[in-house]
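# A closer look at the structure
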Amino acid sequence: MAHPTDVRGDGVPLLPGAPALDNPVWAALTGPHTHLADRYGRAARYRPETYAFAALADPADPAAWADLHTLTGPAATVRVKPVGQVPDGWEVLGEGEGVQLVATALRAEPDPEAVRLGPGDVPEILDLVARTRPGPFLRRTVELGGYLGIRHHGGLVAMAGQRLRLPGWTEISAVCTDPAHRGRGLATRLVRAVAADIRDRGDTPFLHAAAGNAAAIRLYESLGFTLRRRTRIVRLRTPGTTGAGRTLGVVTRSARRTPIRPDGPGTGR
């Protein structure tokens, strides 16, 4: 059963009882994905080659940033979302804006042509990702489970899967279609098939997309997703000295930033 949604006049839904969605990476790493997490105090991150993000229990808490510094080490590169202000001493290498959408009227149904993808399919998956750029997908991302694909003459031409899992919610991600096979509704079919697996488990689907990717947002809204919130994503270099025992003051930085591609599903239909 989907969670109740109350949409304000500005079109942004309120989701009572869904605080996990406000900090989904943290909710996943301290919930269903605990077994995939490295954690120190109030900071956690996914293990290498699984998912390229870290999270803070409270992005406004200087102690959480100090814990992340200890966890990652000095002069390390890390991606974090959501983020408001960045601590002094952390170098902003790039940033972007994403949107979060939740399934409010999505028709979920299995697809007879969808096949399960696993570790043995990683070379093909990475090749498809390189050609379609749906967002970060690493060699071990498939271990998060729930990835489905459609093949044509034996070759993988479209896929979608499950990434972040939080209590009551599961993210649909890596939605992509080979350019030569777009226009056939493959992405739509796979989103619905992945959603069927999620709902069979009792969770509600949600997803992320780049805020500037209007085509993807229109597609997901047409399928029955509702825009919930926008979020800032940053790629950072940690301070060059050890973070152990330090508390970093949080200030707004105006350093030069390079846009980064927010993670999220692609637009191939």
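All values derive from a computational prediction rather than experimental measurement.

As a further point, take the packing of helix H4 (residues 186-200) against helix H5 (residues 214-223). With their axes 11 Å apart at the nearest point, H4 and H5 run at an angle of 55° to one another. Looking at the two axes, H4 sits oblique to H5. The way H4 lies across H5 gives a crossing that is right-handed. The segment H4 lies against H5, with Thr188, Val191 and Arg192 engaging Leu219, Tyr220 and Leu223. Counted by class, the contact of H4 with H5 contains four nonpolar, one polar and one charged residues.

Mapped onto the fold, glutamine 162 is located in strand S11 (residues 155-166). For the pair glutamine 162 and valine 142, spaced 20 residues apart in the sequence, the C-alpha separation amounts to 8.8 Å. If near-sequence neighbours (up to four positions away) are discounted, glutamine 162 is found in contact with Leu144, Gly145, Gly146, Tyr147, Thr170, Glu171, Val194, Asp197, Ile198 and Arg201. Reaching out from glutamine 162, the side chain makes a polar contact with the side chain of arginine 201 at a distance of 3.0 Å.

In terms of residue burial, helix H2 (residues 62-72) counts as a mostly covered element, since eight of its eleven residues are buried. Along H2, the positions that sit buried rather than exposed are Ala64, Trp65, Ala66, Asp67, Leu68, His69, Leu71 and Thr72. Looking at where H2 begins, the residue whose side-chain oxygen comes 3.0 Å from the main-chain nitrogen of alanine 63 is aspartate 61. In the segment just after H2, glycine 73 is the residue with positive phi, at about 90°.

This part is about the pairing of strand S6 (residues 77-80). Of the two faces of S6, the one holding Val78 and Val80 is buried and the one holding Thr77 and Arg79 is not buried anywhere. Relative to strand S14 (residues 225-237), S6 runs antiparallel, the two being bridged by four bridges. Pairing of arginine 79 across the sheet is with arginine 235, part of S14.

Let's shift gears to unusual backbone geometry. Here the amide bond leading from lysine 81 into proline 82 is cis, since omega sits at -10°, within 30 degrees of zero. For proline 82, the position within the fold is in the loop between S6 and strand S7 (86-87). Even without being glycine, glutamate 49 reaches a positive phi, approximately 65°. In this fold, glutamate 49 is placed in the loop between strand S4 (43-46) and strand S5 (54-56). We note that alanine 75 has phi near 55°; this positive angle belongs to a residue other than glycine. Within the fold, alanine 75 resides in the loop between H2 and S6.

Quick notes on the rules
Residues numbered from 1 in each chain as written. Predicted model: local features only at pLDDT ≥ 70, side-chain atom pairs only at ≥ 80, totals over all residues. Heavy atoms only, no water. Axes fitted to C-alpha atoms, helices over the stretch in contact; angles between N-to-C directions. Helix = DSSP H or I, 4+ residues; strand = E, 2+ residues; numbered from the N terminus. Parallel < 35°, antiparallel > 145°, perpendicular 65-115°, else oblique. Left-handed = near helix turned anticlockwise from the far one by under 90°. Contact = heavy atoms within 4.5 Å. Nonpolar A, V, L, I, M, F, W, Y, C, P; charged D, E, K, R; others polar. Polar contact = N/O pair within 3.5 Å; in protein donor to acceptor, adjacent residues only side chain to side chain. Buried < 20%, exposed > 50% of the residue type's maximum accessible area, 1.4 Å probe, protein only. Pairing = 2+ DSSP bridges.

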